[in-house]
Amino acid sequence: MKKMKFKYILYTLAVFLSTSACQDFLDPESLSTFDSEYIFSNADDARKAVNAMYVHYSHDGFRSRLSNNMTGNTDIEHAGGSSDGARYQIWRLDAQENNGDLAYVWNIGYQAIRDANIAIEGISASEALNSNDVALSNEMYHLLGEAYTMRAYWYSMLIFYFGDVPFSTQAPAVDVEFNLPKEDRNLILSTVIQDLIDIEDKMKWADETRYGIEQINREYTLGMIARLALQRGGYYLTPDLSMARESDYLDYYKIARDYSKKLMTLKDRDLPEDFRQIFMNECKFISPVNDDILFEVPFAVGRGDVAWNIGIRVDGGNHEYGSGSNYMAMPPTYLYSFDADDKRLPVTCGLYTINSDFIQELVSSGSMNISQGKWSRHFLDTPPGKTTAKGTGINWPMLRYSDVILMYAEAVNEISGPTTEAQAALKRVRERAFDEAVWNTKVEQYVSTASASKESFFDAIVNERAWEFGGEMIRKYELIRWNLYAEKITETVEGCKQMADEAFAGTGTLPDYLYTKLDETGNLVILNLHEKLVAPPDDSWERESWLISMSSETTTDGYAEWITSHWDNYVNPGNIGVPDGVVRYIFPIPTIGIDNSKGLLKNDGYNFGY
């Protein structure tokens, strides 16, 4: 399915509903002057109203911030620096109320919620919803489901970043109070989960909708019920800087189990054998239904920042592909956590860059800037132009079917241990990752060993999700709900230090240096990614620093600067007044939210004033 229609929603909506940025995030004046009863009296106009929700994905607050930049640092992706810029503050966990990137997310989050509330209220009151015209009624119910699901997504994100937040479920109107206090995050999550449970069976599958996976569909909503339920059943940071979990958490694991299973029963599909093709489809503007991706944000050419600030780096110069960087590097501890035979490794970890002469080079060993290899502007069929940078038009994946399968395995294990059903789900994902010839050891024996206990199976799920979704920037949310954030960051930093020590001492089995060359097609070939070699077989190979670059004679501790700086406030939280073992992932409500609340909202707790 070529991306030829729905992408235009993101930049041509100048109808029916106001989508301009308003200074007050819940300003009643944002309600359109068009008559709501008329707008929602027919499917075509209601569709345009619902489309207003999608516009906010094209804002920088989502397309380059929330979707990827703001989701580091983890054990999979990392970035840092001493700049006082907004994203650097976020990476360091010391962002202030005036942080512009946080303001972007707060603003577009509540604008999207506002537009969802308008659609929910308008459709719910419409005679068309329960019309005798079955086709019309079905379409209206589906649109209602889109609105509920969009609202649930944005509340999930606001909660992950700000904790307890105002909870608005009403459309703007002059007689509605929108200056709201903070609401308990667990109540918000419980409410939006129930909204989706109540509406999902009235929605359409992607292959029944006009825009397929480029619009919210029933399979995405079912998957979101599971994802939100795991968030609600997981851990969260309290204002007193402790990690807590509600006593009813198992009830939500049961919801995650039941609704992931419901999707697997009603709309199962084989996982595509070619892991690379999943993401290559996005780079080729192909959006297949009944495939792995359940919903992806549709970016038009000229919009979207995939392969500009995330993906394989391309230096502008003597070619027509423009320039694109990679803000989030992957640590070598992540690369070497993969089984060498795992087919996801070369897709996920980008080990080359494209220089200004359009020649592949090994990633810079000085920064070990391993990239998210799933996307790159040089994968585009049509070069976007020498001077281009942003706006590649490459879609962004929001949820994949393999995620649903692994959520099912995790939920079942938490409730009942590693049952045969949980094991079968894990096997499905691993079978795609390995050639069938090695399934006996890499799948059957691996899963059998992992299933020795509930704890070991959980560890296997944690690892599998890392290998399956690396670069898709969801790891932060998983580490939070598992209460593993501090532990996994510490493991990563200590693992990098150990690699540096072994490279400096010449011990260990991993390569201190790599031997590389270009093959006849111009692709970079690495001779010894997984082994230490004294010398190459012939002089056609070039020796390049690899793990040895993690050791440094210019720093006081002997390690490359990024190893200790990028995660410093995570492993040394006392720097920002936080107890050991706690990652203060919650950020202060932005100034715009505080000022507009007229004293109702304040940034209390979390030691923000340290």
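Since the structure is predicted, the reported quantities are computational estimates derived from the model, not experimental observations.

Conventions used here
- Residues numbered from 1 in each chain as written.
- Predicted model: local features only at pLDDT ≥ 70, side-chain atom pairs only at ≥ 80, totals over all residues.
- Heavy atoms only, no water.
- Helix = DSSP H or I, 4+ residues; strand = E, 2+ residues; numbered from the N terminus.
- Buried < 20%, exposed > 50% of the residue type's maximum accessible area, 1.4 Å probe, protein only.
- Lys, Arg positive; Asp, Glu negative; His and termini not counted.
- Charge placed at Lys NZ, Arg CZ, Asp CG, Glu CD.
- Core = buried A, V, L, I, M, F, W, Y, C linked by side-chain atoms within 4.5 Å.
- Axes fitted to C-alpha atoms, helices over the stretch in contact; angles between N-to-C directions.
- Parallel < 35°, antiparallel > 145°, perpendicular 65-115°, else oblique.
- Contact = heavy atoms within 4.5 Å.
- Nonpolar A, V, L, I, M, F, W, Y, C, P; charged D, E, K, R; others polar.
- pLDDT = per-residue confidence, 0-100.

A tally of regular secondary structure across the protein gives 22 helices and 13 strands. Along the longest, intermediate and shortest principal axes, the C-alpha atoms of the protein span 75 × 55 × 50 Å. Burial analysis of the protein (610 residues in total) assigns 60% to the buried set. Of the side chains in the protein, 56 bear a positive and 89 a negative charge, and the two mean positions are spaced by 2 Å.

This brings us to the nonpolar core. Ranked by internal contacts, the top residues of the largest apolar core, which has 185 residues, are Y57, F62, Y153, W154, W396 and W546. By residue number, the principal contributor to this core is helix α7 (residues 134-162), which donates 18 residues.

Running from amino to carboxyl end, helix α16 (residues 439-450) crosses helix α17 (residues 454-469) at an angle of 135 degrees, the nearest separation of the two axes being 8 Å. Between α16 and α17, the interaxial angle falls into the category oblique. Residue-level inspection shows Y446, T449 and A450 of α16 in contact with α17, the latter providing S456, F457, A460, E464 and W467. When grouped by side-chain class, the residues that make up the contact of α16 with α17 number five nonpolar, two polar and one charged.

Turning our attention to the confidence of the model for the protein. Any region with low pLDDT has predicted coordinates that should not be read closely. Per-residue confidence for the protein averages 93 on the pLDDT scale, and 94% of its residues sit at or above 70. The secondary-structure element of the protein with the lowest mean pLDDT is helix α1 (residues 9-12), recorded at 48, while helix α14 (residues 401-416) shows the highest, at 99. Low pLDDT (under 50) marks residues 10-33, which in the prediction has 59 contacts with non-local residues, meaning those over four places away or in another chain.

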